[in-house]
Amino acid sequence: QGQLVESGGGLVQPGGSLRLSCEASERIASYDVMSWYRQAPGKQREFVAYIARGQFTNYAESVKGRFTISKDDAKNAIYLQMDSLKSEDTAVYYCKANIHITRFELWGQGTQVSVSS
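Since this is a predicted model, take the numbers as computed values, not measurements. (Residues numbered from 1 in each chain as written. Predicted model: local features only at pLDDT ≥ 70, side-chain atom pairs only at ≥ 80, totals over all residues. Heavy atoms only, no water.)

A. Expanded view of the environment of Val113. Tracing the sequence through the fold places Val113 in strand β11 (residues 111-115). For the pair Val113 and Gly9, spaced 104 residues apart in sequence, the C-alpha to C-alpha distance is 4.9 Å. Once residues lying within four places of it in the same chain are set aside, the contact partners of Val113 are Gly9, Gly10, Leu18, Leu20, Met82, Asp89, Thr90, Ala91 and Tyr93. (Helix = DSSP H or I, 4+ residues; strand = E, 2+ residues; numbered from the N terminus. Contact = heavy atoms within 4.5 Å.)

B. Looking closely at the packing of aromatic side chains. Scanning the model with the defined rule gives 6 aromatic pairs in all. Between the aromatic rings of Tyr37 and Trp107, the centroid separation amounts to 5.1 Å while the plane-to-plane angle is 65°, which identifies the pairing as edge-to-face. Taken together, the residues span a long stretch of sequence, with Tyr37 in strand β4 (residues 33-39) and Trp107 in strand β10 (residues 104-107) at a distance of 70 residues. Owing to a relative accessible area of 19%, Tyr37 belongs among the buried residues under this scheme. Judged by its relative accessible area of 30%, Trp107 is partly exposed. (Phe/Tyr/Trp six-rings, centres within 6.5 Å; stacked < 30°, edge-to-face > 60°. Buried < 20%, exposed > 50% of the residue type's maximum accessible area, 1.4 Å probe, protein only.)

C. Seen up close, the sheet that holds strand β8 (residues 77-82). A sheet is described by the order of its strands in space; here 4 strands give the open sequence β1-β3-β8-β7, paired in antiparallel fashion. The two strands at the open ends of the sheet, each matched to only one other strand, are β1 (4-7) and β7 (67-72). The sheet shows a mean angle of 15° between the axes of neighbouring strands, direction not considered. For strand β3 (residues 18-24) and β8, the ladder comprises 6 bridges, and the chain directions are antiparallel. Across the sheet, residue Leu20 finds its bridge partner in β8, namely Leu80. (Pairing = 2+ DSSP bridges. Axes fitted to C-alpha atoms, helices over the stretch in contact; angles between N-to-C directions.)

D. Spotlight on the nonpolar core. Met34, Trp36, Leu80, Met82 and Tyr93 are the most contacted members of the largest nonpolar core, which has 31 residues in total. Listed by contribution, the elements that provide at least two residues to this core are β3, β4, β5 (46-52), β7, β8, β9 (91-99), β10 and β11. If sequence neighbours within four positions are ignored, Met34 has contacts with Leu4, Cys22, Ile28, Ala49, Tyr50, Ile51, Ile69, Ile78, Cys95, Lys96 and Ala97. (Core = buried A, V, L, I, M, F, W, Y, C linked by side-chain atoms within 4.5 Å.)

E. Representation of the environment of Ser35 in the model. Examined against the element boundaries, Ser35 turns out to sit in strand β4. Judged by its relative accessible area of 4%, Ser35 falls in the buried class. Considered as a pair, Ser35 and Tyr50 are 15 residues apart in the sequence and their alpha carbons are 4.0 Å apart. If near-sequence neighbours (up to four positions away) are discounted, Ser35 is found in contact with Ala49, Tyr50, Ile78, Tyr94, Cys95 and Lys96.

Geometry only, nothing functional implied.
The structure is reproduced here in structure tokens:
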């Protein structure tokens, strides 16, 4: 079934940047969509961004223009470049992979992002 491992989280000041990585143990080309979600303390997990076959991307309104999702099939990894970070971006960020036809879904363990001065 594979495994997803996120990394790159940490503490950053408002206005700063971080780049998250999600490395897959399987070929990411086998997945229809790979996504980033986040969960802030006391809140439900929410969608952040996804990248589908053909490099099609989509973003939550709250991160549009600040976050960029990308992937590298050769490295079996996806990334989330986060710029102009705000305190409300503080959350645990999770990577997810989906295969639609089989309803397969795989989550990573998450990486903490904290935005604070």
